[in-house]
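Structural characterization, general
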Amino acid sequence: MKLFLDSALADEIQYAIDNWALDGITTNPRHVQVSGKAFLEAIQEIAAMVAGTEITVSVQTNPHKHDDADAIITEARKLAVISPNFVIKMPCTEAGFKACYTLAKEDIRSNLTLCFSASQALQAMRMGAFYVSPFIGWKESNAEPSQQFIEDCVAIRDNYCFTTEILVAAVRNGRQIADAAVMGADITTAGFAVWQESFNHPYTDMGLGKFQDFWDQTPYGEIVSIKG
Ligand code: E4P
């Protein structure tokens, strides 16, 4: 399963590139606002950081245009020429699906975002989405289970051999990352702190403490030449 970072902060992205074998980046209007930069400035800075790599960068179209396929298509074409790494985010709406279908024929890759049902995921796949993003954290915040949702998306993809990659989004903890992997999702995107926390475990720290004690009580010795 691929590891995507959900962020528009240059220092977080650079750290993940240098240390985590990062596969992709997802941005959204909140992340860009947090970066304190203008939208085009922020996404071009990220584009420069990943230039020459296979790391994809999902950049979001204007959410006010959610019901205007032509506006989404026009903006997607404009953004797609900025960087070959860009995948253009558009919402799971009727207009978003239509835009995705048109853009796929032009080899412009789409990430269908704000996906909250298996039927939306099916439509994204049918229309040629490069990624579809089921948002599991938001569902769970509203007491809706997410495992069945991911399972359904994976089953639909497999039943019809769709090429769309399932990008599990709005992930809040390591358990949800593992769930996505167990269910067969292609990608998980999560924030910097969520990934960092998922790499650690208190027992690992406790075990290190124990081993350090034994290590300190044992002489290291010397390497002798062994003839064989
Ligand atoms: C994914 O592509 C989204 O950017 C992201 O996961 C949105 O959810 P969040 O900001 O609530 O985590």
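Please refer to the structure higher up on the page.
Residues numbered from 1 in each chain as written. Predicted model: local features only at pLDDT ≥ 70, side-chain atom pairs only at ≥ 80, totals over all residues.

Our focus in this paragraph is the nonpolar core. In terms of nonpolar packing, the biggest core is built from 60 residues, with Ala124, Val132 and Val168 touching the most fellow members. Looking at this core element by element, the count peaks at 6 residues for strand 7 (residues 165-171). Every residue in contact with Val132, bar those within four places of it in the chain, is listed here: Leu112, Cys115, Ala121, Ala124, Met125, Thr164, Ile166 and Leu167. (Core = buried A, V, L, I, M, F, W, Y, C linked by C-beta atoms within 7 Å. Buried ≥ 20, exposed ≤ 12 C-beta atoms within 10 Å, placed from the backbone. Helix = DSSP H or I, 4+ residues; strand = E, 2+ residues; numbered from the N terminus. Contact = placed C-beta atoms within 7 Å.)

All residues in the neighbourhood of the ligand are listed as Asp6, Thr26, Asn28, Arg30, Thr113, Ser133, Gly137, Ala169, Ala170 and Thr189. Of the residues that constitute the shell around the ligand, the class distribution is 2 nonpolar, 6 polar and 2 charged. (Near = placed C-beta within 6 Å. Nonpolar A, V, L, I, M, F, W, Y, C, P; charged D, E, K, R; others polar.)

Moving on, we come to helix 9 (residues 174-183). Those residues of helix 9 that fall on the buried side of the exposure criterion are Gln176, Ile177, Ala180 and Met183. Buried residues of helix 9, seen end-on, are gathered within an arc of 135° and therefore sit on one face of the element. Residues of helix 9 that are exposed and point over 90 degrees away from its buried face: Arg175 and Val182. Buried-residue contacts for helix 9 involve helix 7 (136-141), helix 8 (147-159), strand 7, strand 8 (187-190) and helix 10 (192-198). One or two steps after helix 9, the chain reaches Gly184, where phi turns positive at roughly 95°. (Arc of directions from axis to C-beta.)

Turning our attention to the environment of Ile17. Mapping Ile17 onto the fold places it in helix 1 (residues 10-19). You can call Ile17 partly exposed: it has 16 C-beta atoms within 10 Å. C-alpha of Ile17 to C-alpha of Leu5: the two residues are 12 residues apart in sequence and 9.5 Å apart in space.

Another aspect to go through is unusual backbone geometry. The backbone of Ala21 shows a phi angle near 50°, a positive value even though the residue is not glycine. Among the secondary structure elements, Ala21 is positioned in the loop between helix 1 and strand 2 (24-26). Take Ala21: there are 9 C-beta atoms within 10 Å of it, and that puts it in the exposed class. For Leu114, which is not glycine, the phi dihedral falls at a positive 55°.

Another aspect to go through is the packing of helix 1 against helix 3 (residues 39-50). Two elements in contact, helix 1 and helix 3, have axes whose closest approach is 11 Å; the angle formed by their N-to-C orientations is 20°. Between helix 1 and helix 3, the crossing angle belongs to the class labelled roughly parallel. Handedness of the crossing formed by helix 1 with helix 3: right-handed. For the pair helix 1 and helix 3, contact is made by Ala10, Ile13, Gln14 and Ile17 and by Glu45, Ile46 and Met49, respectively. Here the residues of the contact of helix 1 with helix 3 are counted per class, giving 5 nonpolar, 1 polar and 1 charged. (Axes fitted to C-alpha atoms, helices over the stretch in contact; angles between N-to-C directions. Parallel < 35°, antiparallel > 145°, perpendicular 65-115°, else oblique. Left-handed = near helix turned anticlockwise from the far one by under 90°.)

This paragraph deals with the sheet that holds strand 4 (residues 86-91). Judged by pairing direction, the barrel is parallel, and its 8 strands sit side by side in the order 1-2-3-4-5-6-7-8 before closing back on the first. Along the sheet, successive strands turn relative to each other by an average axial angle of 25°, direction set aside. Across 3 bridges, the pairing between strand 7 and strand 8 is parallel. Looking at strand 8, one finds that Val168 is bridged to Thr188. In the packing of helix 8 onto the sheet, contacts are made with strand 6 (131-134) and strand 7, and the angle to strand 7 comes to roughly 165°. (Pairing = 2+ DSSP bridges.)

We now examine the packing of helix 4 (residues 69-80) against helix 5 (residues 94-105). Each packed pair of helices is defined by two parameters, the angle between the axes and the distance between the axes. Interaxial distance between helix 4 and helix 5 falls to 8 Å at its minimum, and their mutual angle equals 45°. As judged from the angle between their axes, helix 4 and helix 5 are oblique. With respect to the hand of their crossing, helix 4 and helix 5 are arranged in right-handed fashion. On helix 5, the residues that touch Ala69, Ile72, Ile73 and Ala76 of helix 4 are Ala95, Gly96, Lys98, Ala99, Thr102 and Leu103.

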